[in-house]
Amino acid sequence: MILNRKYGEKGFFLFTHIVLLEYLLSFIQVFGMISFPTIVLLQYVFDVRILDFTLPPNVMAFLFFLVFTLQYLPGVLMSSIAMAIEHGLAKAFRYLPAVFLYYVLYNPLLSIIKVNAIFRYMRGVVQGW
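Residues numbered from 1 in each chain as written. Predicted model: local features only at pLDDT ≥ 70, side-chain atom pairs only at ≥ 80, totals over all residues. Heavy atoms only, no water.

Draft legend 1. Local environment of the environment of glutamine 29. Structurally, the position occupied by glutamine 29 is in helix H1 (residues 9-44). Residue glutamine 29 is classed as buried on the basis of its relative accessible area, which comes to 12%. Sequence-wise, glutamine 29 and asparagine 107 are 78 residues apart; in three dimensions their C-alpha atoms are separated by 9.5 Å. For glutamine 29, the contacting residues outside a window of four places in its chain are Gln71, Tyr72, Asn107, Pro108 and Ser111. (Helix = DSSP H or I, 4+ residues; strand = E, 2+ residues; numbered from the N terminus. Buried < 20%, exposed > 50% of the residue type's maximum accessible area, 1.4 Å probe, protein only. Contact = heavy atoms within 4.5 Å.)

This is the structure in structure tokens:
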């Protein structure tokens, strides 16, 4: 289906989805999970300057929670709305903690696994189930 004219927009959307969500965003998420704590550790614990400027810790904490909220809140809301439409509002509220944990724990873990699988594939490692 990918980039096959027979499938039209579906084929193009599938290609875009695979490239963006399955590959590019996984690398960006893993890079952020590694770089942000490393920068904070180096700057505030070891006093090593990475950039020409240093933000106060409260500003760094605010930026972290802002990015965290902007990254995960839309997914939590969309999943909750979809669950409310399909199963009702009461069930959506009951499963809200599980939906939030999915985006906070499972999604980053899945990104790490995707990046690892891509690197293994590029090295020619045979993978199986």
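Next comes the rest of the description.
Draft legend 2. Structural view of a nonpolar patch on the surface. On the surface, Leu20, Leu21, Tyr23, Leu24, Leu25 and Ile28 cluster together to form a nonpolar patch covering roughly 530 Å² of accessible area. Tracing the backbone shows leucine 20 in helix H1. The exposure class assigned to leucine 20 is partly exposed, which follows from its relative accessible area of 38%. (Patch = residues over 30% accessible without salt bridge, like charges linked within 9 Å, V, L, I, M, F, W, Y side chains within 5 Å. Areas by Shrake-Rupley, 256 points an atom, 1.4 Å probe, with all protein chains shown as cover. Salt bridge = Lys/Arg side-chain N within 4 Å of Asp/Glu carboxyl O.)

Draft legend 3. Structural context of helix H4 (residues 96-122). Compared with the 39 Å implied by 1.5 Å per residue over 27 residues, the 38 Å span of H4 between its first and last C-alpha is a close match. Along its length, H4 shows its largest kink, about 40°, at tyrosine 102. Those residues of H4 that fall on the buried side of the exposure criterion are Val99, Tyr103, Pro108, Ser111, Val115 and Ile118. If you follow the buried residues of H4, they end up packed against H1 and helix H2 (57-87). Backbone geometry just after H4 places glycine 124 at a positive phi near 85°. (Expected span 1.5 Å × (residues − 1). Bend = angle between axes of the 7 residues up to and from the residue.)

Draft legend 4. Spatial organisation of H1. With 36 residues, H1 extends 49 Å between its outermost C-alpha atoms, agreeing within 8% with the 52 Å of an ideal straight helix rising 1.5 Å per residue. The largest bend in H1 comes to about 35°, at leucine 25. Looking at H1, one finds that the buried residues are Gly11, Ser26, Gln29, Val30, Ser35 and Gln43. Taken together, the buried residues of H1 touch H2 and H4.

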